[in-house]
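Chain by chain, the residues run as shown.
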Amino acid sequence: MIPKTREIEGALALPADTLAAIPWRRELSRAVSDPAELLRLLELPRRLLPAAEEAARRFPLRVPRGFIARMRRGDPCDPLLQQVLPLGRELVEVAGFVGDPVGDLQAAARPALLHKYQGRALLIVAGGCAVNCRYCFRREFPYADHSLNGVARREALRYLAADPTLSEVILSGGDPLLWDDVRLAELVEELARIPHLRRLRIHTRLPIVLPERLDGPLLDWLNGSRLRPVMVVHANHPREIDGAVASRLERLRDGGVTLLNQAVLLAGINDSAAVLTELSERLFAAGVLPYYLHMLDRVRGAAHFEVGRREAGRIVRQLAERLPGYLVPKLVREQVGASAKVPVELQCPA
Ligand SMILES: *Cc1c(COP(=O)(O)O)cnc(C)c1O
Ligand code: SF4
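Conventions and cut-offs
Residues numbered from 1 in each chain as written. Chains lettered and ligands numbered in written order. Predicted model: local features only at pLDDT ≥ 70, side-chain atom pairs only at ≥ 80, totals over all residues. Heavy atoms only, no water. Helix = DSSP H or I, 4+ residues; strand = E, 2+ residues; numbered from the N terminus. Contact = heavy atoms within 4.5 Å. Areas by Shrake-Rupley, 256 points an atom, 1.4 Å probe, with all protein chains shown as cover. Lys, Arg positive; Asp, Glu negative; His and termini not counted. Charge placed at Lys NZ, Arg CZ, Asp CG, Glu CD. Domains from an automatic or database assignment. Buried area = accessible area lost by both parts, 1.4 Å probe. Salt bridge = Lys/Arg side-chain N within 4 Å of Asp/Glu carboxyl O. Near = heavy atom within 4 Å. Nonpolar A, V, L, I, M, F, W, Y, C, P; charged D, E, K, R; others polar. Buried < 20%, exposed > 50% of the residue type's maximum accessible area, 1.4 Å probe, protein only. Arc of directions from axis to C-beta. Polar contact = N/O pair within 3.5 Å; in protein donor to acceptor, adjacent residues only side chain to side chain. Pairing = 2+ DSSP bridges. Axes fitted to C-alpha atoms, helices over the stretch in contact; angles between N-to-C directions. Expected span 1.5 Å × (residues − 1). Core = buried A, V, L, I, M, F, W, Y, C linked by side-chain atoms within 4.5 Å.

K.L.:
Sorry, what's going on with the overall build of the chain here?
P.N.:
Broken down by element type, the chain carries twelve helices and ten strands. Based on the C-alpha atoms only, the size of the chain along its principal axes is roughly 55 × 50 × 40 Å. Long-range pairs, those at least 24 residues apart, make up 81% of the contacts in the chain with a sequence separation of at least 6. Surface exposure of the chain reaches about 14900 Å², of which carbon and sulfur atoms provide 53%. Charge-centre separation for the chain: the mean point of 49 positive side chains lies 2 Å from the mean point of 42 negative side chains.

K.L.:
Even after reading the chapter, I still don't get the domain arrangement of the chain, so can you show me in this structure?
P.N.:
Quite often, the size of an interface is put as the accessible area lost when its parts meet. Entries for the chain in the domain assignment read domain 1 (6–91) and domain 2 (105–343). Relative placement of domain 1 and domain 2: their C-alpha centres are 21 Å apart. Taken residue by residue, the interface counts 38 residues in domain 1 and 42 residues in domain 2. Interface of domain 1 and domain 2: buried area, both sides summed, is about 3400 Å²; carbon and sulfur atoms make up 54% of it. If you look at where domain 1 meets domain 2, you find four salt bridges. With its nearest N and O atoms 2.9 Å apart, the salt bridge here joins Arg134 to Glu90. Elements with a contribution of two residues or more to the side of domain 1 that touches domain 2: α2 (23–29) and α4 (49–58).

K.L.:
Quick question: what am I supposed to make of the site of ligand 2 here?
P.N.:
Not every one of the seven residues close to ligand 2 is listed here, only the nearest: Cys129, Val131, Cys133, Cys136 and Arg205. Of the residues contributing to the shell around ligand 2, the split by class is four nonpolar, one polar and two charged.

K.L.:
Would you take a moment to explain α4 for this structure?
P.N.:
Residue pairs three or four apart in sequence face the same way in an α-helix, which turns once every 3.6 residues. Leu49, Ala52, Ala55 and Ala56 are the residues of α4 that are buried. Here the buried residues of α4 occupy an arc of 135° about the axis, which is enough to place them on one side. In α4, the exposed residues that point more than 90 degrees away from the buried face are Pro50 and Arg57. Along its buried surface, α4 packs onto α3 (35–41).

K.L.:
What exactly am I supposed to notice about the site of ligand 1 here?
P.N.:
Taken together, Leu114, Lys116, Tyr117, Arg120, Leu122, Ile170, Arg201, Tyr291, Tyr292, Glu334 and Lys341 make up all the residues around ligand 1. Here Tyr291 contributes a side-chain N or O atom positioned 2.6 Å from an oxygen atom of ligand 1. Contact with the protein chains removes 92% of the 380 Å² of surface that ligand 1 exposes when unbound. Secondary-structure elements contributing two or more residues to the shell around ligand 1 are β2 (113–117), β3 (120–124) and β8 (289–294). Of the residues forming the shell around ligand 1, the biggest block, three residues, is contributed by β2. Considering only residue class, the shell around ligand 1 consists of six nonpolar, no polar and five charged.

K.L.:
Help me out: how do you make sense of the sheet that holds β2 in this one?
P.N.:
As a general point, the strands of a sheet are linked pairwise by backbone hydrogen bonds and lie either parallel or antiparallel. Across the sheet, which stays open at both edges, the ten strands sit in the order β1-β2-β3-β4-β5-β6-β7-β8-β9-β10 with mixed pairing between neighbours. Single-partner strands in this sheet number two, and they are β1 (108–110) and β10 (342–343). Examined bridge by bridge, β3 and strand β4 (residues 168–172) share five bridges and lie parallel to one another. Residue pairing in the sheet places Leu122 in a bridge with Ile170 of β4. Strands in contact with helix α9 (residues 216–224) are β5 (199–203) and β6 (228–233); relative to β5, the strand with the most contacts, it is inclined by about 145°.

K.L.:
When you look at helix α11 (residues 273–285) in this model, what are you seeing that I'm missing?
P.N.:
With 13 residues, α11 should reach 18 Å at 1.5 Å per residue; the first-to-last C-alpha distance of 18 Å fits that figure. Regarding α11, the residues found buried are Ala273, Val275, Leu276, Thr277, Leu279, Ser280 and Leu283. Where α11 ends, the next residue or the one after it, Gly287, has phi of about 90°, a positive value.

K.L.:
Honestly, the nonpolar core in this entry has me stumped. Any pointers?
P.N.:
Nonpolar side chains tend to gather and get buried jointly when the protein is soluble and globular. Counting residues in each nonpolar core, the largest one holds 103 residues, and the members touching the most others are Val63, Leu123, Leu160, Leu171, Leu191 and Met231. Among the elements that line this core, the one with the most residues is helix α7 (residues 181–192), at five residues. Mapping this core onto the domain boundaries places at least three of its residues in each of domain 1 (6–91) and domain 2 (105–343). Among residues more than four places away in sequence, those in contact with Met231 are Leu177, Ile202, Thr204, Pro207, Leu214, Leu222, Leu252, Val257, Thr258, Leu259 and Leu260. Formed by six residues, the second largest nonpolar core is a distinct cluster that contains Val230, Val232, Tyr291 and Tyr292.

Pasting the structure below:
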């Protein structure tokens, strides 16, 4: 199955010339999607190109230039590059690696609304991301069937309003911060009118790959709402957090937003206690607490990123020896049908 809908959406509320004047929009439109250009910018060998082009036809390359600037030139093993470079290995079918590994489609209570866990519901707010992570569990998600527009949006809001057990709404995607601030502010206002909702959570990778997104207008609607704001960002490696990312995050935190990070445990990228220790340190320095460390979801094309359970447990035990408890993320995996993320046993199986 080929996802057709990874396009950037959300640019509807403002005219094109206004959008071009917004720095993060400009950066977004300059993101690299041609594998040849990525290899050229990083001075990488041309022999990587045919496989990259082939894999990108199944799941496109997309990466902002500011993120590329944090990669090492001439190093095909760079941990940031490995998260975004399409590889021939993705095209090899591996048993157990499937299109919808976390059962998203059966959790859709309404189009664009997933309700898996008690008290929390998740809205699919945008059908694309600023960066396409090769390991993404939603690589094949049919975003076109889950667009939060018109009827779907009214239906979703009606569903949330009708269930008083819900106290939190999660804006996810794709990346919800691809919507412009006018649209997001409207949506959040509508959510805030639902009396039983108390928290607004945003799952986004934009603050890491395109920190310009954390600008004044965003802070206005986020802090202007009655709902308590929580932002869960997504960084996997300490080098993703440079000075610009850290200072934007700190500003957000100082504005009263609770900041958490979720990472995915990825072979060859962050499967070491040293790397994850440094990640926690850098996150904390930027005002962010580590939240989850996810076992890889077994999505088609991502088998080469998998770290085994035993190894994962060993790494997190080492992490716990090196760091205060509040800087050790919870190692979890997602299980279809479970009522929460499932903690992974840290002890070695006998
Ligand atoms: C992960 C997830 C959540 C949030 O789970 P927490 O444990 O609260 O972080 C909510 N809804 C869905 C569908 C999820 O996949
Ligand atoms: S930012 Fe998140 S949703 Fe988007 S491609 Fe990466 S992992 Fe997937």
